[in-house]
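Observations on the three-dimensional arrangement
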Amino acid sequence: MWELTALLLLVPSSGQAATLEKPILSLHPPWTTIFKGERVTLRCDGYHPLLLELRPISTLWYLGHLLLPSHKKSIEVQTPGVYRCQTRGAPVSDPIHLSVSNDWLILQVPYAAVFEGEPLVMRCRGWYDKVVYKLHYYHDGQPVRYFHSSANYTVPQARASDSGRYQCSGTMRIPVESAPMFSAKVAVTVQELFQAPVLRVMGRVEARGAALGGVVLRCETLLHPQKRDTPLQFAFYKYSRAVRRFDWGAEYTVPEPDVEELESHWCEAATTTRSVRKRSPWLQLPGRGSPLDVASTTVPVPQAAALAPGNKPLSFRKPPLSRSVPSVTSVPNTPSAGLLFAAGGGPTAGPPACAPLTPLEQTTGALKPDVDLLLREMQLLKDLLSRVVLELKEPQAFPEPRDTLETPASHFAVSQGTPETAAVES
């Protein structure tokens, strides 16, 4: 008996069976979260092939991995879980996750994927449609909108940055106004409509008659599988100047005079309403010697003088200063001692085994007398300052002789035996 229920699929004239696409599952009303006791409708819209069968079965329904008994095109459900549908001979549809809540407040978001440029609508709903007052909407914990009473929150043209976790809060009069209540957080993902375009070189076009030659560029991108029928337009730019404004064609021919500046070009892809626009990076050309090498793209190699031995960067540390040691240069492969002295210098007399003094050793002896003299002068200056302070405080303690004039230099008088200074009196 089961052989009589076998399906006979009508084959196209080409001799190959048509490829069936998975059906589209929709939810009405379009919210993935409902209150306990409410019912929603699921509808399965598929590509039904032409079938000749004795016992037609149009649609199969699944709740998780459980096969439901209904075979209708639409069903009403109130049980939480993951729903799918399937038409005969086609793949299984994308899932819809239905949540059932027993809270006072729920945040309802669309069941279907939201793409870039499309409106994103969400609703904060009170228990069985009670009015929500002092309504706040939150995105990733930050408040984004406030309403005095129940209202939907809408993002006119969604962007990838609008993805995240949303939540709402508010009060209800049950019967008096309650304290602020918060809904559960709901994750929302804005799908990418199409990828960022890439500008590629397709080849060179030779000049023919009045038509000028040049290089053909193509602006390539990839639409989301669910939006592959979305029309896109393309524009081409050189630096910041548009060389071809938005048009349906994805190719542009760079004139021969501009070929040398080929890497200054980029392109932009957009929807017809310009709700989504994406630009490409600058054109990247292949290396030299390839068939598409239409312009020089190599970067100048740094000069050898800018590199230290071993291709290491030069060190800009200041070299130590040498006061009295003549510069010595080592000369390999010479029959002499192997040292050359700079002009004005030569090897010092002495035994050959004596090593030359280091700069520190040669300068230590010359600096020592200068330091001693400086210390003595500082001590004298200290004594002079002390004497001046005492004279200012007690002028009678230092009477000056009437018949003797003391010059300022006499203040530098020191004890006998110091050859540096002496008292000068008239």
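Refer to the structure printed above.
One structure accompanies this document, and this report is about it.

Criteria and cut-off values
- What you see as residue numbers is a count from 1 along each chain, following the sequence as written.
- Under the rules for a predicted model, residues below a pLDDT of 70 receive no local features and side-chain atom pairs below 80 are neither given nor counted, while totals for whole chains, interfaces and linings still include all residues.
- Just so you know, side-chain values use all the structure's heavy atoms and leave hydrogens and water out.
- Each nonpolar core is a collection of buried residues, namely Ala, Val, Leu, Ile, Met, Phe, Trp, Tyr and Cys, held together in the definition by side-chain atoms within 4.5 Å.
- A 1.4 Å probe rolled over the protein chains alone gives each residue an accessible area, and that area as a share of the maximum for its type sets the label: buried under 20%, exposed over 50%, partly exposed in between.
- Helix numbers and strand numbers start at the N terminus; a helix is a DSSP run of H or I with at least 4 residues, a strand a run of E with at least 2.
- Should any heavy atoms of two residues lie within 4.5 Å, those residues are counted as being in contact.
- Disulfide assignment relies on a single distance test, namely cysteine sulfur atoms paired within 2.5 Å.
- Classification of ring pairs rests on two measures: the distance between centres of Phe, Tyr or Trp rings, Trp counted by its six-membered ring, which must be within 6.5 Å, and the angle between planes, read as stacked under 30 degrees, edge-to-face over 60 and tilted in between.
- Distance and angle both matter: a charge sits over a ring if NZ of Lys or CZ of Arg is within 6 Å of the ring centre and within 35 degrees of the ring normal.

**Structural notes on the nonpolar core**
In this structure, L107, L120, M122, L135, Y137, Y166 and C168 are the most contacted members of the largest nonpolar core, which totals 21 residues. Counting only elements with at least two residues in this core, the list comes to β11 (105-108), β13 (120-126), β14 (133-139), β16 (152-155), β17 (164-171) and β19 (186-188). Per-element accounting of this core gives the leading share, 3 residues, to β13. With residues up to four places along the chain from it excluded, the contact list for M122 reads W31, L107, Q108, V109, Y137, N152, Y153 and Y166. Counting 20 residues, the second-largest nonpolar core is a separate cluster that includes L199, F234, Y252 and L283.

**Quick word on the state of the cysteines**
All chains considered together, the criterion is met by 3 disulfides. The disulfide bridge from C124 ends at C168, spanning 2.0 Å between sulfur atoms. The sign of the S-S torsion, about 70 degrees, decides the handedness of the disulfide formed by C124 and C168: right-handed. Pair noted here: C124 is in strand β13 and C168 is in strand β17, with a separation of 44 residues, a long-range link. Just as C124 is buried, C168 falls in that class too.

**Observations regarding the packing of aromatic side chains**
Scanning the model with the defined rule gives 11 aromatic pairs in all. Geometrically, the ring pair formed by F35 and Y128 is stacked, given 6.0 Å between the ring centres and 15 degrees between the ring planes. Residue F35 is found in strand β3 (residues 33-35), and its partner Y128 is found in the loop between β13 and β14; the two are separated by 93 residues along the sequence. Taking the relative accessible area as the measure of exposure, F35 reaches 0% and is therefore buried. The partly exposed category is assigned to Y128, whose relative accessible area is 42%. With a centroid separation of 6.5 Å and an interplanar angle of 75 degrees, the aromatic rings of W266 and W282 are classed as edge-to-face. One end of the pair, W266, is in strand β26 (residues 265-271); the other, W282, is in the loop between β27 (277-279) and β28 (307-308), and 16 residues separate them in sequence. The class of W282 is partly exposed, set by a relative accessible area of 40%. Each residue in the set F35, W104, W127 and Y128 is aromatic and connected to the rest through ring pairs, giving one cluster. Sitting above the plane of the Y133 ring, R173 keeps its charged end 4.0 Å from the centroid. Against the face of F246 rests R274, its NZ or CZ located 4.2 Å from the ring centre.

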